[in-house]
Amino acid sequence: MTTITNPQTLSTVVNSLAESETLAMTKKARELASQGNKVISLSVGEPDFKTPQHVMDAAKKAIDEGYHSYSPVAGFADLRAAIAEKLVKENNIKVTAENIVVSTGAKQSLANVIQAIVDKGQEVIILAPYWVSYSEMVKLAEGKSVILTGTIENDFKVTAAEIEKAITSKTRAIMYSSPCNPSGSVYTEKELREIGALLQKNPQIVAIADEIYEYINFEGKNFSLGSIDEIKDQVVTVNGFSKGFAMTGWRLGYIAAPKYIAAATEKLQGQVTSGTCSITQRAGLAALQGDLSAPLKMKEAYLRRRDLIIGLLKEIPGLKINKPAGAFYIFPDVSAYLGKSVNGQVIKTSSDLSMFILNDVFVSTVGGDSFGSPNNIRISFAASDENIIEAIKRIKECLAKLK
């Protein structure tokens, strides 16, 4: 864990931030592995596939062709045009290149939008379970997170009626992911249209729709909130290349936003990082111009692994699980094990449980506390069948020790 030796010299905002739980668990797992332990990592949100060959070839070609200079802040014009074309064709989101801003990963895209639209004291409704950085990004903007938590019985989804009750005069945005990290839940077209009708009644609210896992949807085609014409000027769609094209280390994301928000994020980004890596952008263009055979092949593997891990987890007493409709995570309810102990160690929280599993049987998961769901743990099945089988076997043995 990161240690701040002299917090008095740092800003109040930075001192208030929590460390990313997913990155912390990954770091701890690496430390244990470096000590010779056979660690199985099911904590990191990273595909276990190689970047497609034609994408890598495009990056090599870009180096040879001399893409060595600073890139435009909002991204190369041809990449922005290709992203807009993709959104029109695949997502029915009516945008042009002027609506697109390319950033160093979807994480920066999200942070840019929040910094651009949220003022001190304004509220952002976050649909939980949520990705760990959402609430911390709101904190950085000095806004207030209003957390609405879906239940496992409703596949962890929050209804439009629940959102409506949470809206106040200070509400500036609604933020969610679909398919969802960490639950794998996918909001249906009907559910999103109900949220869209709510936005239409509240034109001061912007929805931030995180669709980074759109190609890993086991139920069919992803429906985009931004495709609803009546609210197209109230929706920012965030996406990127890390999950669908296995390009995590390349760091390439983007937003499709109303022009005033796109311009604001471009201005902000110009003062922080400027343009995204030129080589990465050429690789991203190749990904968009190629076919979707690689994402589809990866999705097939994730679907098989989902069914495998569900079958294995059902054999562990006390766990409550649902059937994730997308992404590559399962988010079991582990409340039956909270409050139990072994050798005097009491497991008080899901984060305690994840750390116990890691130290006891060398399998890394992530506690649900940081996802807004303290009774759950996140388990990634972006791993080989062999590792999944061995990991769940170890977890079963570990949990059996708790009394």
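Provided above is the structure to which this section pertains.
What this report covers is the structure whose coordinates are included nearby. Note that this is a predicted model, so its numbers are computed, not measured.

Turning our eyes to something else, we now look at the packing of helix 3 (residues 53-64) against helix 10 (residues 278-289). Between helix 3 and helix 10, the shortest axis-to-axis distance is 8 Å and the interhelical angle comes to 140°. As the angle between them shows, helix 3 and helix 10 are arranged oblique. The two elements helix 3 and helix 10 meet at a crossing, and its hand is right-handed. For the pair helix 3 and helix 10, the contacting residues are H54, V55, A58, A59, A62 and I63 in the first and I279, R282, A283, A286 and A287 in the second. Residue composition of the contact of helix 3 with helix 10, by class: nine nonpolar, one polar and one charged.

Moving on: the layout of surface pockets. Quantified by volume, the largest pocket comes out at close to 650 Å³. Taken together, the elements giving at least two residues each to the lining of the largest pocket come down to helix 2 (21-34) and helix 5 (106-117). Counting residues per element, the lining of the largest pocket draws most heavily on helix 2, which supplies five residues. Of the residues that constitute the lining of the largest pocket, the class distribution is ten nonpolar, eleven polar and eight charged. Considered as a void within the structure, the second largest pocket measures approximately 350 Å³ in volume. The wall of the second largest pocket is formed by 16 residues, among which A18, S20, V132, S133 and E136 lie closest to the centre. Top contributing element to the lining of the second largest pocket by residue count: helix 6 (residues 133-140), with five residues. Residue composition of the lining of the second largest pocket, grouped by class: eight nonpolar, four polar and four charged.

Analysis parameters
- Residues numbered from 1 in each chain as written.
- Predicted model: local features only at pLDDT ≥ 70, side-chain atom pairs only at ≥ 80, totals over all residues.
- Heavy atoms only, no water.
- Axes fitted to C-alpha atoms, helices over the stretch in contact; angles between N-to-C directions.
- Helix = DSSP H or I, 4+ residues; strand = E, 2+ residues; numbered from the N terminus.
- Parallel < 35°, antiparallel > 145°, perpendicular 65-115°, else oblique.
- Left-handed = near helix turned anticlockwise from the far one by under 90°.
- Contact = heavy atoms within 4.5 Å.
- Nonpolar A, V, L, I, M, F, W, Y, C, P; charged D, E, K, R; others polar.
- 1 Å grid on protein atoms, 1.4 Å probe; cavity = no way out; pocket = protein on both sides within 12 Å on 5 of 7 lines; lining within 4 Å.
- Points joined across faces, edges and corners; volume = space filled by probe spheres on them.

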